[in-house]
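Chain by chain, the residues run as shown.
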Amino acid sequence: MMGLQTPLYAKHVAAGARIVDFGGWNMPLHYGSQIEEHLAVRQHAGAFDVSHMTVVDLQGEKTTEFLRYLLANDVAKLVDKGKALYTCMLNPDGGVIDDLIVYFLEPGRFRLVVNAATRAKDIAWITEQAAAYSVDVTERAELAMIAVQGPKARELAAQVLDDEWRAAALALRPFHGLEAGELFIARTGYTGEDGWEIVLPADAAESFWQQLLDLGVTACGLGARDTLRLEAGMNLYGTDMDETTSPLESGLGWTIAWQPDERDFIGRAAISKVRASNGRQKFAGLLLEDRGVLRNHQRVVVDGVGEGEITSGGFSPTLQRSIALARLPAGNYEQAQVEVRGKMLAVRIVRPPFVRNGKVCIDL
Amino acid sequence: MSELPGDLRYTSDHEWLRQEEDGSVTVGITDHAQSALGDLVYVELPEAGQELEAGGEMAVVESVKAASDVYAPISGSVLDVNADLADDPEKINADPYGDGWIVRLQPSGGIDSGDTMDPDAYQAMLDELEA
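1. Looking at the interface of chain A and chain B
Step number 1: With 15 residues of chain A in contact, the opposing surface of chain B contributes 16 residues.
Step number 2: Buried area between chain A and chain B, both sides added, is near 1,400 Å², and the carbon and sulfur share of it is 45%.
Step number 3: For the chain A face of the interface with chain B, the top three residues by lost area are A:Arg291, A:Arg295 and A:Arg341, together amounting to 43%.
Step number 4: At the surface where chain A touches chain B, the tally comes to 5 salt bridges.
Step number 5: A salt bridge links B:Glu62 to A:Arg295; its shortest N-O distance comes to 2.9 Å.
Step number 6: Between the two partners, chain A and chain B, sit 14 residue pairs in polar contact (both at pLDDT 80 or more).
Step number 7: Elements with a minimum of two residues in the side of chain A that touches chain B: strand E2 (25–30) and helix H2 (34–43) of chain A.

In structure tokens, the structure reads:
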């Protein structure tokens, strides 16, 4: 199978991982049981190779000004060194080019972590927009990235760090990052659990990974990553939103900084119109009341109201029920039906997250 | 390498068939199939007494990854279904040729009436898939 390989690819193959293509990368789907990997993260600690994600460093005097124009959320909120912000990057029509995390490293210097499948278009777009601000855009393809997630993740991963950085890393508050020598450690993630995402040089990745496993951290594939983020009510780019949908119709309204009014950002005019329109679609969680499994693109029918579509559906190992995120017609209702292979199954509308920090957040 | 019992017949859709002494035929999915699907989370079973045509839909197995049809390898009527799978679909992952059986059929023809193959032919097919 041809495809890009992360610095940990040989480790995955040696561990018997089922390898799948993800955005052009050969990535581990699971190492035997996706459900066991999922539960390890909810109950203990799991490690994910996320080296396929793209790290982009920005530098220049006008970087703050540039990012306030490029991104729908406002980096002016980032006052503390190391603070992170989740945001969408919109096109002029208000569609989502990508969702990303931006870290404020120091005045004039920021780090972005963007999706793997959108890498080429993201870099092209950012570079094009950056020219007017004389901001240097540097893709850091030589870096690897490991996410360690779960209630025991920080405690265990801290043992792998050099003594010099351990205390500072453990003192990181949620959504903060730290440049620790050749490592970058951030208390962020995509699972709904506490933990770190660690950016490190490619040649240090194998050793770091192995030390985590030796400490009892479970190697987890992209399959568990997807069910964990779905339980946590976190959107997946390309599935829950893309260039044809506004963040307002994808449950991402909270990531848009409307204030201050005078800040112009790409897509602002377009999404302001969506915001002002009545009866726009809403984005919500679904809990399947019947047996079965909800899947992407299944039709949702709300009696007397209209129809919608599941954007992400699957089985929740924590709840032992099927759950989904869906784009639904506007209105107040609590029940709907989903068409699954010709049958109409009952679902309840719920507010995500379904699970956070090991705890069930909805009524079953 | 997936496990491949020598006393079964196989189909190109990765089902296995076992001839029982009373003339019935038990059907399940192969070790290769369960491994490719990943953790199973739901199984939709036919009703006992239902008449099935060879090649028609018999059951649906859903894993964390996807839903997959299981086709009737031969024509016949459903004598029994593995009701335990409703609560424990992972039995198919754990024991695909034993506790993870799916349906028992009363075939209208013989076990060889459908498009089935012996273990060597199925192994050769798997080798080709993995090449």
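There's plenty left to go through after this.
2. A closer look at the layout of surface pockets
Step number 1: Its volume calculated, the second largest pocket comes out at about 630 Å³.
Step number 2: In terms of lining residues, the second largest pocket is bounded by 22 residues, among which A:Arg18, B:His32, B:Ser35, B:Ala36 and B:Glu130 are the most central.
Step number 3: The dominant element in the lining of the second largest pocket, judged by the number of residues it contributes, is helix H1 (residues 31–37) of chain B, at 5 residues.
Step number 4: Here the residues of the lining of the second largest pocket sort into 7 nonpolar, 11 polar and 4 charged.

3. Here we look at the sheet that holds strand E14 (residues 282–288) of chain A
Residue and element names in this part refer to chain A.
Step number 1: Read once around its circumference, the closed barrel built from 6 strands follows the order E14-E17-E16-E15-E18-E19, with strand pairing classed as antiparallel. The sheet shows a mean angle of 40 degrees between the axes of neighbouring strands, taken without regard to direction.
Step number 2: Of the strand pairs in this sheet, strand E15 (residues 299–302) and strand E16 (residues 306–316) are connected by 4 bridges, and their pairing is antiparallel. The residue of E16 that forms the bridge with Val301 is Glu307.
Step number 3: Along the sheet, helix H8 (residues 222–231) contacts E16 and strand E17 (321–328); its crossing angle with E16, the most-contacted strand, is approximately 125 degrees.

4. Thoughts on the domain arrangement of chain A
Residues and elements named next belong to chain A.
Step number 1: What the domain assignment reports for chain A is domain 1 (1–276) and domain 2 (278–360).
Step number 2: The straight-line distance from the C-alpha centre of domain 1 to that of domain 2 is 26 Å.
Step number 3: Buried surface at the junction of domain 1 and domain 2, summed over both partners, amounts to about 1,900 Å²; 53% is from carbon and sulfur atoms.
Step number 4: Of all residues in domain 1, Leu230, Glu231 and Glu249 bury the most surface against domain 2, accounting for 33% of the area lost on that side.
Step number 5: On inspection of domain 1 and its partner domain 2, the count reaches 0 salt bridges.
Step number 6: Connecting domain 1 to domain 2 are 14 residue pairs in polar contact (both at pLDDT 80 or more).
Step number 7: Of all the secondary structure elements, the ones that give two or more residues to the side of domain 1 that touches domain 2 are H2, H8 and helix H9 (268–276).
Step number 8: Residue composition of the side of domain 1 that touches domain 2, grouped by class: 9 nonpolar, 9 polar and 8 charged.

5. Describing the state of the cysteines
Step number 1: Applying the stated rule across the entire model yields 0 disulfides over all chains.
Step number 2: In this structure A:Cys220 is not part of a disulfide, and its nearest cysteine sulfur, from A:Cys361, lies 20 Å away.

6. Looking at the environment of A:Val102
Residue and element names in this part refer to chain A.
Step number 1: If you trace the backbone, Val102 turns up in strand E6 (residues 96–106).
Step number 2: Residue class for Val102 comes out buried when judged on its relative accessible area of 0%.
Step number 3: As a C-alpha pair, Val102 and Gln159 span 57 residues in sequence and 27 Å in three-dimensional space.
Step number 4: In this structure, Val102 is in contact with Leu67, Leu71, Val75, Leu78, Lys83, Ala84, Leu85, Thr87, Phe110, Arg111 and Leu112, ignoring residues within four places of it in sequence.

7. Things to note about the sheet that holds strand E5 (residues 51–52) of chain B
Residue and element names in this part refer to chain B.
Step number 1: Across the sheet, 6 strands lie side by side as E1-E2-E3-E9-E8-E5; this open sheet has antiparallel pairing. A strand with exactly one partner marks an edge of an open sheet, and here the two such strands are strand E1 (9–10) and E5.
Step number 2: Bridge count between E1 and strand E2 (residues 15–19): 2 bridges; the pairing is antiparallel. Following the sheet pairing, Arg9 is matched in E2 by Leu17.

8. Description of helix H3 (residues 119–130) of chain B
Residue and element names in this part refer to chain B.
Step number 1: Counted at 1.5 Å a residue, the expected span for H3 with its 12 residues is 16 Å, and the 16 Å between its end C-alpha atoms agrees.
Step number 2: Those residues of H3 not exposed but buried are Pro119, Tyr122, Gln123, Met125 and Leu126. All buried residues of H3 fall inside an arc of 160 degrees around its axis, so they share one side. Among the exposed residues of H3, those oriented more than 90 degrees off its buried face are Asp120 and Glu128.
Step number 3: Against the buried residues of H3 lie E1 and H1.

9. Brief notes about the pattern of salt bridges
It is possible for side chains bearing opposite charge to pair when their charged atoms get close.
Step number 1: One pass over the structure, following the stated rule, counts 29 salt bridges over all chains.
Step number 2: Where A:Asp240 meets A:Arg229, a salt bridge forms, and the shortest distance between an N and an O atom there is 2.9 Å. Placement of A:Asp240 in the loop between H8 and H9 and of A:Arg229 in helix H8 is noted, with a sequence separation of 11 residues between them.
Step number 3: For the salt bridge of B:Asp22 with B:Arg104, the shortest nitrogen-to-oxygen distance reads 3.4 Å. In this pair, B:Asp22 is assigned in the loop between E2 and strand E3 (25–29) and B:Arg104 in strand E9 (residues 103–107), connecting sequence segments 82 residues apart.
Step number 4: What emerges from the salt-bridge pattern is a single network uniting A:Arg295, A:Arg341, A:Lys343, B:Glu44 and B:Glu62.

10. Notes on the pairing of E14(A)
Residues and elements named next belong to chain A.
Step number 1: Burial analysis of E14 places 6 of its 7 residues in the buried class, the great majority of the element.
Step number 2: Strand direction decides the pairing type here: E14 and E17, joined by 6 bridges, are antiparallel. The residue bridging Phe283 from the neighbouring strand is Arg327, located in E17.

11. Comments concerning unusual backbone geometry
Residues and elements named next belong to chain A.
Step number 1: Cis geometry marks the peptide bond from Gln259 to Pro260, where omega comes out at -5 degrees.
Step number 2: Locating Pro260 in the fold gives a position in the loop between H8 and H9.
Step number 3: Cis peptide bonds are those with omega within 30 degrees of zero, and the linkage from Pro352 to Pro353 qualifies with 5 degrees.
Step number 4: Backbone geometry at Ser134 places phi at a positive 50 degrees, although glycine is not the residue there.
Step number 5: You can call Ser134 exposed: its relative accessible area is 61%.
Step number 6: Positioned with a positive phi, His297 is a non-glycine residue whose angle comes to about 75 degrees.
Step number 7: Mapped onto the elements, His297 comes out in the loop between E14 and E15.
Step number 8: For His297, a relative accessible area of 59% corresponds to the exposed category.

Cut-offs and rules
- Residues numbered from 1 in each chain as written.
- Chains lettered and ligands numbered in written order.
- Predicted model: local features only at pLDDT ≥ 70, side-chain atom pairs only at ≥ 80, totals over all residues.
- Heavy atoms only, no water.
- Contact = heavy atoms within 4.5 Å.
- Buried area = accessible area lost by both parts, 1.4 Å probe.
- Salt bridge = Lys/Arg side-chain N within 4 Å of Asp/Glu carboxyl O.
- Polar contact = N/O pair within 3.5 Å; in protein donor to acceptor, adjacent residues only side chain to side chain.
- Helix = DSSP H or I, 4+ residues; strand = E, 2+ residues; numbered from the N terminus.
- 1 Å grid on protein atoms, 1.4 Å probe; cavity = no way out; pocket = protein on both sides within 12 Å on 5 of 7 lines; lining within 4 Å.
- Points joined across faces, edges and corners; volume = space filled by probe spheres on them.
- Nonpolar A, V, L, I, M, F, W, Y, C, P; charged D, E, K, R; others polar.
- Pairing = 2+ DSSP bridges.
- Axes fitted to C-alpha atoms, helices over the stretch in contact; angles between N-to-C directions.
- Domains from an automatic or database assignment.
- Disulfide = S-S within 2.5 Å.
- Buried < 20%, exposed > 50% of the residue type's maximum accessible area, 1.4 Å probe, protein only.
- Expected span 1.5 Å × (residues − 1).
- Arc of directions from axis to C-beta.

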